[in-house]
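A closer look at the structure
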Amino acid sequence: MKPVIFGLSGPVLTADERAFFAEARPAGYIFFKRNVVDRAQLRALTDSLRDLEGRSDVAILIDQEGGRVARMGPPEWPAFPAGPAFDSLYEIAPMSAIEAARANATALGLMLAEVGITVDCLPLLDVARADTTDAITTRAYGSEPMRVAAMGRATLEGLAAAGVVGVVKHMPGHGRAIVDTHHHLPTVTASDADLEEDLAPFRALAGAPMGMTSHIVFEAWDKDRPATLSPIVIEDVIRGRIGFDGLLMTDDIDMKALSGTPGEKAAGAIAAGCDVVLDCWARMPEMVEIAGRLGDIAPRSRARLDAAMASASPGAGDFAAQIAKRDALLALA
């Protein structure tokens, strides 16, 4: 198995993709709007990936947050609210907002599970600020760290109750970025002490099954490399200070925040300590380059993947129980 999650080019698995994936054996797959038509088509597509892999627990990801980030939508599926809706409700009724976030995530998860999708790239634990890029503020749960953590926990629990794994993002925090990493590399100049506020929601949910890095330079920790490519940020901050031991994936390796070829960026992320690379665009030459630059997935990373996929099952809505199950599986690795 290669430590990479690949995108697909369209609504069906092509012959070239089938042959390439059968050889490369990626750690998972991720869907976008180009892969989505309706329930029958999407279920057939996920079934074809499980048939190709010969197992039922394939990591099949989607960014289904609600609001502007929704790959599945009307008229086939309902529209769901994004994080700011729950932040606004929290101002009026905190417990209602938390329970609404949990119920919303369960409904999202049931919608995904129906078509065979097993992982949702949600929740965002980024702490928003007045100058945060709107690529984050239109999706985040707000500007108060423990409020963000509370709704993030409810979201993870809601997804797990539907049998879907959640992904906390964007570690170690995207809230201080004032430009969009899809197009630019942000540099954060905040002090180590100030950045404690950004770490707080991730530390509160350090037992999450999966996490995603941010393509951001944090000068207080590593002036030369963005988090995705920084062993200092990954090992000392994400694994150390936050205490996260789940599966750590990159944000999309093709974002313009990172420089170099896809293979160079992928190899750099794995060398820095990421478990898997996320490559979303399904461009065959780039996928071939990435697969050629990466060795087999590390045993510890494979154990984290397996533990994450086992952590969510229908009815598994208790976060502490999910952590205990994951830690027990990792202890056997």
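A few points on the structure. (Residues numbered from 1 in each chain as written. Predicted model: local features only at pLDDT ≥ 70, side-chain atom pairs only at ≥ 80, totals over all residues. Heavy atoms only, no water.)

1. Some remarks on the overall build of the chain
Put simply, the test is: Here a strand is any run of E in DSSP of at least two residues, a helix any run of H or I of at least four, and the numbering for each starts at the N terminus. Only protein chains enter the accessibility calculation, which uses a 1.4 Å probe. A residue is then buried if its area is under 20% of the maximum for its type, exposed if over 50%, and partly exposed in between. When checking whether two residues touch, look at their non-hydrogen atoms; a contact exists if any pair is within 4.5 Å. Using a 1.4 Å probe, accessible areas were evaluated by the Shrake-Rupley method; residue-level cover was limited to the displayed protein chains.
Broken down by element type, the chain carries twelve helices and twelve strands. The principal-axis extent of the C-alpha atoms belonging to the chain is close to 50 × 40 × 40 Å. Among the 333 residues that make up the chain, the fraction classed as buried is 59%. Considering only contacts in the chain between residues 6 or more positions apart, those separated by 24 or more positions represent 76%. A total of about 12,100 Å² of accessible surface is found on the chain, and carbon and sulfur atoms cover 56% of it.

2. A short note on the pattern of salt bridges
Keep this limit in mind: The working definition used for a salt bridge is a side-chain nitrogen of Lys or Arg within 4 Å of a carboxyl oxygen of Asp or Glu.
One pass over the full model with this rule turns up 30 salt bridges. Taking the shortest distance from any N to any O, the salt bridge between Asp47 and Arg50 comes out at 3.4 Å. Of the two residues, Asp47 and Arg50 are both situated in helix H2 (residues 39-53); the distance of three residues between them amounts to about one turn of the helix. For Arg50, a relative accessible area of 12% gives the class buried. For Arg147, the salt bridge identified is with Asp87, shortest N-O distance 2.7 Å. Of this pair, Arg147 sits in helix H6 (residues 145-161) while Asp87 sits in helix H3 (residues 83-92), and the two are 60 residues apart along the sequence. We classify Arg147 as buried; its relative accessible area is 13%. In the salt-bridge network here, residues are joined through shared partners; they are Asp63, Glu65, Arg71, Arg139 and Lys169.

3. Regarding the packing of H3 against helix H4 (residues 94-114)
The axes of two packed helices give the description: the angle between them and the distance between them. Note the cut-off: Lines fitted to the C-alpha atoms define the axes, with helices restricted to the stretch that makes contact. Angles between their N-to-C directions range from 0 to 180 degrees. For classification purposes, angles smaller than 35 degrees are called roughly parallel, those larger than 145 roughly antiparallel, those between 65 and 115 roughly perpendicular, and all remaining angles oblique. When residue character is reported, Ala, Val, Leu, Ile, Met, Phe, Trp, Tyr, Cys and Pro are called nonpolar, Asp, Glu, Lys and Arg charged, and the others, Gly included, polar.
It is the contact of H3 with H4, at a shortest axis distance of 6 Å, that shows an interaxial angle of 150°. Classified by the angle between their axes, H3 and H4 sit roughly antiparallel to one another. Only Pro94, Ser96, Ala97, Ile98, Ala100, Ala101 and Asn104 of H4 make contact with H3, whose side of the interface consists of Phe86, Leu89, Tyr90 and Ile92. Split by residue class, the contact of H3 with H4 holds nine nonpolar, two polar and no charged.

4. Here's the deal with the packing of aromatic side chains
Convention followed: Each Phe, Tyr or Trp ring, with Trp reduced to its six-membered ring, pairs with another whose centre is within 6.5 Å; inter-plane angles below 30 degrees give stacked pairs, above 60 give edge-to-face pairs, and intermediate values give tilted ones.
Counted by the stated rule, this structure contains five aromatic pairs. The interplanar angle of 50° and the centroid separation of 5.7 Å between the aromatic rings of Phe20 and Phe21 together place this pair among those described as tilted. Per residue, the accessibility class of Phe20 equals that of Phe21, and both read buried. Both rings, one in Phe21 and one in Tyr29, keep their centres 5.0 Å apart while their planes meet at 70°; by these two values the pair is edge-to-face. You'll find Phe21 and Tyr29 in the same group, each marked buried.

5. Points about helix H7 (residues 192-204)
Given 3.6 residues to a turn, an α-helix orients residues that are three or four positions apart in the same direction. Defined as follows: Each residue after the first adds 1.5 Å to the expected span of a helix. Here the bend at each residue means the angle between axes fitted to two seven-residue stretches, the one ending at that residue and the one beginning there.
Taking 1.5 Å of rise per residue, the 13 residues of H7 would be expected to cover 18 Å, and the 18 Å separating its terminal C-alpha atoms lies within 8% of that figure. Along its length, H7 shows its largest kink, about 45°, at Asp198, and proline Pro201 lies within four residues downstream of that point. Along H7, the residues that are buried comprise Leu195, Asp198, Leu199, Ala200, Pro201 and Phe202. On the buried face of H7, the contacting elements are H6, strand E7 (165-171), strand E8 (187-188), strand E10 (217-218) and helix H8 (231-242).

6. Some thoughts on the pairing of strand E11 (residues 247-252)
If a strand is regular, its side chains alternate between the two faces of the sheet. Here is the rule we go by: For two strands to count as paired, DSSP must find a minimum of two bridges between them. Every crossover in which the path from the first strand over the helix to the second runs clockwise, viewed with the strands pointing away from the viewer, is termed right-handed.
Counting buried residues in E11 gives six out of six residues, a clear majority hidden from the surface. As defined by bridge partners, strand E9 (residues 210-213) adjoins E11 across three bridges and the pair is classed as parallel. Counterpart to Met212 in the pairing with E11 is Met249. When E11 meets strand E12 (residues 276-279), the two strands line up parallel, connected through two bridges. Among the inter-strand pairings, Asp252 is bridged to a residue of E12, identified as Leu278. Read from E11 through helix H9 (residues 262-272) to E12, the crossover connection turns out right-handed.

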